[in-house]
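Examining the three-dimensional arrangement
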Amino acid sequence: MNEHSRKVLRSIEMNDTALADLGINEHRRHGFNSSNPADFSRLGEAIGKSARLKYFAFTLPNSGVLDVTNREFFEGLKRNSSIREFLLNCQNHDHGIVGGVEHEILKAYMENNTHLTRLAIYHCGVHRGADRIIAKTLRCCTNLRSITLNSCNITDGQVLLVVEAIRGHRSLETLNLVGGRIGNRGCEAIATLLSDSTSNIRELSLHSNRIGNEGASMIANSLANNTNLQRLILQRNLFDQSSAEDSFSRVLCDATSINSIYLSNHTFEKLNLMQLEGRQLALFLRMNESTNKSH
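Note that the structure is a prediction, hence the values are computed from the model and not measured.

The next subject is the pairing of strand β3 (residues 55-59). Burial runs high along β3: five of the five residues are buried. Here β3 shows a buried face lined by Y55, A57 and T59 and a second buried face lined by F56 and F58. Taken together, the four bridges between strand β1 (residues 21-24) and β3 define a ladder with parallel strand orientation. Bridge assignment links D21 to a residue of β3, and that residue is Y55.

With that out of the way, let us pick up the packing of helix α5 (residues 130-140) against helix α6 (residues 156-166). Interhelical geometry of α5 versus α6 gives an angle of 15° and a closest axis separation of 8 Å. In this view, α5 runs roughly parallel relative to α6, as classed from their interaxial angle. As for the relative orientation of α5 and α6, their crossing is right-handed in sense. Listed contacts from α6 to D131, R132, A135, L138 and R139 of α5 are Q158, L161, V162, E164, A165 and I166. Of the residues belonging to the contact of α5 with α6, the class tally is six nonpolar, one polar and four charged.

Side chains D21 and G23 of β1 all project onto a buried face; the interleaved residues L22 and I24 project onto the opposite face, where all are buried too. As defined by bridge partners, β1 adjoins strand β2 (residues 31-32) across two bridges and the pair is classed as parallel. Within the sheet, the bridge partner assigned to G23 lies in β2 and is G31.

Moving on, we come to the nonpolar core. Nonpolar side chains tend toward joint burial in soluble globular proteins. With 82 residues, the main nonpolar core has F56, F58, F73, F86, I190 and F248 as its most contacted residues. The contact partners of F56, leaving out residues within four places of it in the chain, are L22, I24, F73, L77, I83, E85, F86, L87 and Y109.

The complete set of buried residues in α5 reads A130, D131, I133, I134, A135, T137 and L138. Where α5 is buried, its residues contact α4 (101-111), β5 (118-124), β6 (146-150) and α6.

Within the secondary structure, R118 is located in strand β5. Distance from R118 to L87, taken between C-alpha atoms, is 8.1 Å for residues 31 residues apart in sequence. Beyond its immediate stretch of four places on either side in the chain, R118 contacts Y55, R84, E85, F86, L87, L144 and S146. Within the structure, the side chain of R118 is placed 3.1 Å from the side chain of E85, a separation counted as a polar contact.

This part covers the packing of aromatic side chains. Tallied over the entire structure, the rule returns seven aromatic pairs. Note on F40 and F73: the rings are 6.3 Å apart at their centroids and 75° apart in plane angle, and the pair reads as edge-to-face. Taken together, the residues span a long stretch of sequence, with F40 in helix α2 (residues 37-49) and F73 in helix α3 (residues 71-79) at a distance of 33 residues. Comparing F40 with F73 shows no difference in burial state: the two are buried. A network of ring pairs unites the aromatic residues F32, F40, F56, F58, F73, F74, F86 and Y109 as a single cluster.

Moving on, we come to the side chain of K78. Summarising the element assignment, K78 is placed in helix α3. Polar contacts involving the side chain of K78 include one to the side chain of E111, which spans 3.4 Å. Apart from the residues lying within four places of it in its own chain, the contact partners of K78 are R71, A108, E111 and N112.

Attention shifts here to the pattern of salt bridges. One pass over the full model with this rule turns up 13 salt bridges. A salt bridge links E45 to R79; its shortest N-O distance comes to 3.4 Å. Here E45, found in helix α2, pairs with R79, found in helix α3; they are 34 residues apart in sequence, far enough to count as distant. Residue R79 is classed as partly exposed on the basis of its relative accessible area of 41%. What emerges from the salt-bridge pattern is a single network uniting R71, E75, K78, E104, K107 and E111.

The subject of this paragraph is the environment of S41. Tracing the sequence through the fold places S41 in helix α2. Given the relative accessible area of 15%, S41 is considered buried. As for S41 and E75, which are separated by 34 residues in sequence, their C-alpha atoms are 9.5 Å apart. Discounting residues that sit within four places of it in the chain, S41 has contacts with N70, E72 and F73.

Moving on, we get to the side chain of S5. Its place among the elements puts S5 in helix α1 (residues 3-13). If sequence neighbours within four positions are ignored, S5 has contacts with G31, F32 and N33.

What counts and what doesn't
- Residues numbered from 1 in each chain as written.
- Predicted model: local features only at pLDDT ≥ 70, side-chain atom pairs only at ≥ 80, totals over all residues.
- Heavy atoms only, no water.
- Buried < 20%, exposed > 50% of the residue type's maximum accessible area, 1.4 Å probe, protein only.
- Helix = DSSP H or I, 4+ residues; strand = E, 2+ residues; numbered from the N terminus.
- Pairing = 2+ DSSP bridges.
- Axes fitted to C-alpha atoms, helices over the stretch in contact; angles between N-to-C directions.
- Parallel < 35°, antiparallel > 145°, perpendicular 65-115°, else oblique.
- Left-handed = near helix turned anticlockwise from the far one by under 90°.
- Contact = heavy atoms within 4.5 Å.
- Nonpolar A, V, L, I, M, F, W, Y, C, P; charged D, E, K, R; others polar.
- Core = buried A, V, L, I, M, F, W, Y, C linked by side-chain atoms within 4.5 Å.
- Polar contact = N/O pair within 3.5 Å; in protein donor to acceptor, adjacent residues only side chain to side chain.
- Phe/Tyr/Trp six-rings, centres within 6.5 Å; stacked < 30°, edge-to-face > 60°.
- Salt bridge = Lys/Arg side-chain N within 4 Å of Asp/Glu carboxyl O.

Following this line, the structure appears as structure tokens:
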């Protein structure tokens, strides 16, 4: 363990008020790494007693120095009740998490999660049962305000698992499902979530997926009675720009009757499509941003 990691460990053990974030195998100010398993055991004990840590980022050390047999480390995570944000970087799509260190960490949050408000998972291969582990973790963490699954190659079928896991999570405000293989069937599942009266999602990112015209239309239609979503990011997908603009314009201002205009969506404010939105759609979005919501 180098001197920097030694100082970080001592600060956590002393409940130093100046140390609120910790990164394992991360290049950050309060980063920690070691080639000695005993150091990770000691770190786990310190994390378990800490009342100051708020942010925890974990990337599995390449050396294999931390493995599933280090119970002190994982038990420490289970005892901690101060960490609000957890970021897990699996680094490799081909690296399966089932039965590994990442699995043990997620199991810790399945058991103790009332304090957790943000969960972000990057570059995780959601195969060989990993999708079900992540879905189970999400189902258990009912106080999450933000969920990110980035560059995990999530498929339509796996989106169904995620949607069912988070349905009814009233605290959830931000959902990022970026860099996957979500297509029209996945959009259908997401649309049911947005149509659900219990959904309080304010920001949704589906950047860099495989969403076509049908999928974009289903997302747009789900906003007809949604009064919470404010921002939607759909860049780098497969739909036609003009088709998507028509779908969202109709939801933002249904001109079939005066009553329909009144009942249109007046909450949705930000939409990121493939290119800058057209003139009409931009006008509707600006109207929703203003204090005067009447069209």
